[in-house]
Amino acid sequence: MSIEVYRDAWGVPHLRAADPEELAFAQGRVTARDRAWQLEVERHRAQGTTAAFLGAAELGWDAFVRRARLADTARRCFERLAATDPATAAWVRAYVAGVDDGLAEGADRAPEFAETGLTAGRWEPWTPLAVWLSTHILFAGFPTKLWRDEVARRLGEEWTELFATDGPGTAGSNGWVVAGGRTASGAALVAGDPHRFIEAPGVYQQIRLACPAYDVVGLAVPGIPGLAHFGHTGPVAWAITNAMADYQDLYRERLRRLPDGTVEALGPDGWAPAAAHTETIEVADAEPVGIEVIETDRGPVIIGEPRDGSAEWEGIALRHPPRVTGELGFGVLPALLRARTVADVDTALDGWVEPVNVVQAADTRGGLLHRVVGHVPVRDRANSLRVVPAWDPAHAWADAPAPLPRAEVHGHAVMANARGLAAPLGVEFAPPHRAARIDELLHASAAWTPETTAAIHRDTDNPSATRLLEAVRRAGEAPTLVTTADTAGGAVTATDGTAEEAVAATARPGTDGAAGAAGAGPVEASVVTGTDGLARAGRTSPPGPEGDRPARLSPAGSDVRRRLLGWDRRMDAESVDAGLYAAVRGAVVRRLAGHEAFAALREPAPYPELFRPWLALGPRVAFALETLLVAGPVPAGDVDRIVREALDEVGAGEPPAAWGVTHRLAPWQALPDPDDDRWPGLGGDHDCVLSTSSVPGWTDRSARASAARYVWDLADRERSRWIVPFGASGVPGDPHHRDQLPLWLRGELAPVTTDWQKLTKEQA
């Protein structure tokens with residue numbers, strides 16, 4: 001072999017080989033050496049075998065993965081790939097061979113193997129496809145359909161979408177492309193940052209892949225060959241954000257077991273056989289657990305099993321494109337590496353399947369691209385909103401997928417998960433704040449450079465604070481009557497879970513921050529414009545009962561109000577006023593969640609614990625706060641009273657610390673760090689461009705933030721910049737394990753070095 005491995009000053013691997021297959025082998029091998037523990041955790045997660053070495057806490061994930069048949073779907077997709085695109089299948093096999101070649105050495109360097117007793121295994125040709133599926137299976141947030149069902153059933157059909165449109169909880173990623181006419185060099189810039197659950201080691205790997213056919217730098221997903229999401233070939237660069245499309249459906253299944261033990265499901269044509277078998281999940285330090293895996297004509301049954309020996313029961317089946325079509329789009333990956341123009345990227349991405357993304361690209365010829373890619377099934381609108389009956393033919397998928405929108409780029413274009421280009425394809429989107437703020441900043445200059453562009457990443461302005469600050473302003477005006485629609489006085493505490501459960505609601509369930517616990521936004525049909533200039537709901541405060549007294553702010557509450565109205569709205573880590581705002585926001589969220597209007601939603605939903613992040617009332621209220629201040633079942637007078645009480649509560653307590661004292665990083669780790677206190681404080685918030693999400697009212701800890709930041713320069717690739725939260729190595733104690741963290745915290749970027757003479761060659 002002619003493989004050469006170089007490293008830059010940050011330990012980033014730069015690989016050179018004779019051909020694409022040898023280069024794929026090199027990528028797999030260097031990834032295994034640098035990140036053996038991470039790779040093996042991902043392999044076991046994809047197969048549903050993590051409880052065997054991580055313990056019973058992982059049992060829920062393992063059961064879901066097995067019931068969803070992710071490994072079997074990966075096998076099917078690889079078999080189809082081998083039959084239709086043997087060159088790409090061989091390329092994937094080469095990557096897997098490299099992983100297997102490097103795992104033993106990598107495992108020797110990683111102390112986690114000894115700590116858990118895990119032995120490095122062998123990868124199958126389909127394992128990268130399984131890792132891709134398990135990483136993205138919850139991206140589209142199908143559990144939100146369970147939530148809407150619960151809202152409709154408990155609160156009323158009219159509130160089904162109260163938590164489902166343009167909501168703060170759907171914070172995702174930022175991306176923007178600036179045309180050459182608005183840059184200092186005259187060539188385009190592509191920049192952004194994906195917001196995902198932060199994992200240690202990180203979910204993105206900086207790497208360079210070079211052979212005679214191409215020379216590409218970018219951000220790889222460990223366990224996946226090539227550069228799927230972010231890359232720069234020299235002549236062309238591309239980047240993605242989550243399109244927030246809805247492409248996974250849930251079907252309510254009626255199931256029955258026949259006397260011979262076989263299972264049937266009720267479909268549009270009556271009862272039909274369902275595939276069924278049992279599997280055993282090994283659990284460290286506990287007895288094995290057996291589960292039944294059932295699949296109907298709609299898809300695998302992921303929720304529901306017979307109770308008390310009943311021969312008939314209901315379940316919920318998951319239907320998603322790769323399971324239906326046997327396609328996962330891996331043929332796109334080598335095509336992207338070969339791309340030289342925007343047209344090449346565009347053509348390659350025609351084969352993309354999931355997750356459904358918005359893509360931006362630019363090339364050195366002046367070409368620009370802004371489009372949606374992926375497979376979105378065409379079906380009834382109800383499929384996108386709720387769990388639908390499997391026996392109703394109205395909910396079948398059409399044969400062909402939906403057409404995918406695209407748009408021209410004039411000067412610049414922004415993608416930040418907001419309702420816009422992908423609006424016809426989804427239900428829930430991020431609010432427009434981040435997209436609008438980036439657009440505003442980009443309009444401020446016509447001479448952008450990589451250095452000035454990187455400053456956009458650091459912006460901490462929080463537009464979503466506006467509605468709460470308006471309510472704070474009203475709190476000091478002429479008092480209104482206090483109603484008895486809610487509990488009176490005193491601090492309100494969490495009503496549907498502990499602080500630990502709230503942290504769990506932000507912990508990695510396998511989703512992008514983009515599609516996790518989805519938030520809420522204005523319910524268009526019920527909102528009218530109020531006299532205060534805000535979008536006010538068409539609701540009124542009921543008259544207070546006889547004996548109600550006007551309520552005024554306490555002196556301490558008035559002081560809190562005064563400080564907030566003078567605050568600059570920036571969520572800087574060192575800002576005490578940002579910490580004050582967060583404390584008031586949290587108090588408002590807890591009181592709203594405790595309001596009797598939401599009492600019916602407090603009872604835990606009857607679904608597996610894995611789906612709790614989508615089903616807990618507290619986080620839902622937190623992410624929907626902008627909406628609930630002006631719309632929803634809580635009367636306007638009660639909202640005003642809640643805000644007053646929150647101001648008084650915060651004023652009466654200990655003065656809140658600076659925002660970064662409580663807003664600390666909380667990364668997901670397969671083996672939790674015993675020294676949790678060492679994780680640093682952060683600036684930003686979920687609707688800032690510097691997006692660092694927490695669960696207001698329950699925890700200020702941030703589990704979701706920028707998993708990487710990048711600026712691709714089409715004038716000179718050497719002037720490009722990038723950063724990841726931790727480092728190039730996944731090995732504790734390695735010099736490059738967390739050496740990028742200080743830069744990441746400051747919002748700075750590391751240089752992309754492409755001159756081989758400036759790199760250090762590793763000895764064989």
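Since this is a predicted model, take the numbers as computed values, not measurements. (Residues numbered from 1 in each chain as written. Predicted model: local features only at pLDDT ≥ 70, side-chain atom pairs only at ≥ 80, totals over all residues. Heavy atoms only, no water.)

Right, let's get into the overall build of the protein chain. What the protein chain contains, in helices and strands, is 24 helices and 27 strands. Looking at the protein chain as a whole, 64% of its 764 residues are labelled buried. Excluding contacts between residues fewer than 6 apart, the proportion of contacts in the protein chain whose partners are at least 24 apart in sequence is 73%. Of the accessible surface of the protein chain, which amounts to about 26,800 Å², a share of 51% is contributed by carbon and sulfur atoms. (Helix = DSSP H or I, 4+ residues; strand = E, 2+ residues; numbered from the N terminus. Buried < 20%, exposed > 50% of the residue type's maximum accessible area, 1.4 Å probe, protein only. Contact = heavy atoms within 4.5 Å. Areas by Shrake-Rupley, 256 points an atom, 1.4 Å probe, with all protein chains shown as cover.)

A few words on the pattern of salt bridges. On inspection of all chains with the given rule, the structure shows 60 salt bridges. The partner of Arg-76 in a salt bridge is Asp-72, with the nearest N and O atoms 3.5 Å apart. Of this pair, Arg-76 and Asp-72 both sit in helix α4 (residues 70–84), separated by four residues, roughly a single helical turn. Under the relative-accessibility criterion, Arg-76 is labelled partly exposed at 38%. Between Asp-246 and Arg-379 there is a salt bridge, with the nearest N and O atoms lying 2.4 Å from each other. Here Arg-379 lies in the loop between β17 (368–373) and α12 (381–385) and Asp-246 lies in the loop between β9 (236–242) and β10 (249–257), a separation of 133 residues in the sequence. Judged on exposure class, the residue Asp-246 and its partner Arg-379 are both buried. (Salt bridge = Lys/Arg side-chain N within 4 Å of Asp/Glu carboxyl O.)

Okay, the environment of Thr-460 next. Among the structural elements, Thr-460 can be located in the loop between α14 (450–457) and α15 (466–474). Residues contacting Thr-460, with those up to four places away along its chain left out, are Arg-569, Arg-570, Met-571, Asp-572, Gly-684, Cys-688 and Leu-690. Among the polar contacts made by the side chain of Thr-460, one reaches the side chain of Asp-572 at a distance of 2.7 Å. (Polar contact = N/O pair within 3.5 Å; in protein donor to acceptor, adjacent residues only side chain to side chain.)

This next bit is on the packing of α15 against helix α22 (residues 636–652). Viewed as axis vectors pointing N to C, α15 and α22 meet at an angle of 85 degrees, and their least axial separation amounts to 9 Å. Judged by the angle between their axes, α15 and α22 are roughly perpendicular. Seen from α15, the contacting residues are Leu-468, Ala-471, Val-472 and Arg-474; seen from α22, they are Asp-640, Val-643 and Leu-647. (Axes fitted to C-alpha atoms, helices over the stretch in contact; angles between N-to-C directions. Parallel < 35°, antiparallel > 145°, perpendicular 65-115°, else oblique.)

Spatial strand order, β19-β3-β4-β24-β25-β26: six strands in an open sheet with antiparallel pairing. The open sheet has two edge strands, β19 (412–415) and β26 (750–751), and neither has a second partner. Pairing of strand β25 (residues 721–723) with β26, which is carried by two bridges, proceeds in the antiparallel orientation. Each residue of the ladder has a partner; that of Arg-721, found in β26, is Pro-751. With respect to the sheet, helix α13 (residues 433–442) is in contact with β3 (174–178) and β19, its orientation differing from that of β19 by roughly 155 degrees. The sheet contacts of α14 involve β3, β4 (189–193), β24 (709–713) and β25, and relative to β24 the element is tilted by about 155 degrees. (Pairing = 2+ DSSP bridges.)

Two elements in contact, α4 and helix α7 (residues 127–136), have axes whose closest approach is 8 Å; the angle formed by their N-to-C orientations is 130 degrees. The angle between α4 and α7 places the two elements in the oblique class. Our pair here, α4 against α7, has a crossing hand that is right-handed. The segment α4 lies against α7, with Leu-70, Thr-73, Ala-74, Cys-77 and Phe-78 engaging Leu-129, Ala-130, Leu-133 and Ser-134. For the contact of α4 with α7, a count of residues per class yields seven nonpolar, two polar and no charged. (Left-handed = near helix turned anticlockwise from the far one by under 90°. Nonpolar A, V, L, I, M, F, W, Y, C, P; charged D, E, K, R; others polar.)

Under the criterion given, the structure shown has 17 aromatic pairs. Where Trp-37 meets Phe-53, the ring centres are 5.9 Å apart and the plane angle is 80 degrees; that geometry is what we call edge-to-face. In this pair, Trp-37 sits in helix α1 (residues 20–47) while Phe-53 sits in helix α2 (residues 51–54), placing the two residues 16 residues apart along the sequence. Here Trp-37 and Phe-53 have matching classes, each one buried. Between the aromatic rings of Trp-712 and Trp-722, the centroid separation amounts to 6.3 Å while the plane-to-plane angle is 65 degrees, which identifies the pairing as edge-to-face. Linking Trp-712 in strand β24 with Trp-722 in strand β25, this pair joins segments that are ten residues apart in sequence. For the pair Trp-712 and Trp-722, a shared accessibility class is recorded, and that class is buried. Ring-pair connections join several aromatic residues into one group, and the members of that group are Tyr-204, Phe-230, Tyr-710, Trp-712 and Trp-722. (Phe/Tyr/Trp six-rings, centres within 6.5 Å; stacked < 30°, edge-to-face > 60°.)

As paired elements, strand β11 (residues 263–267) and strand β12 (residues 270–281) share five bridges and run antiparallel to each other. Counterpart to Gly-267 in the pairing with β12 is Gly-270. Connecting the antiparallel pair β11 and β12 is a turn made up of two residues.

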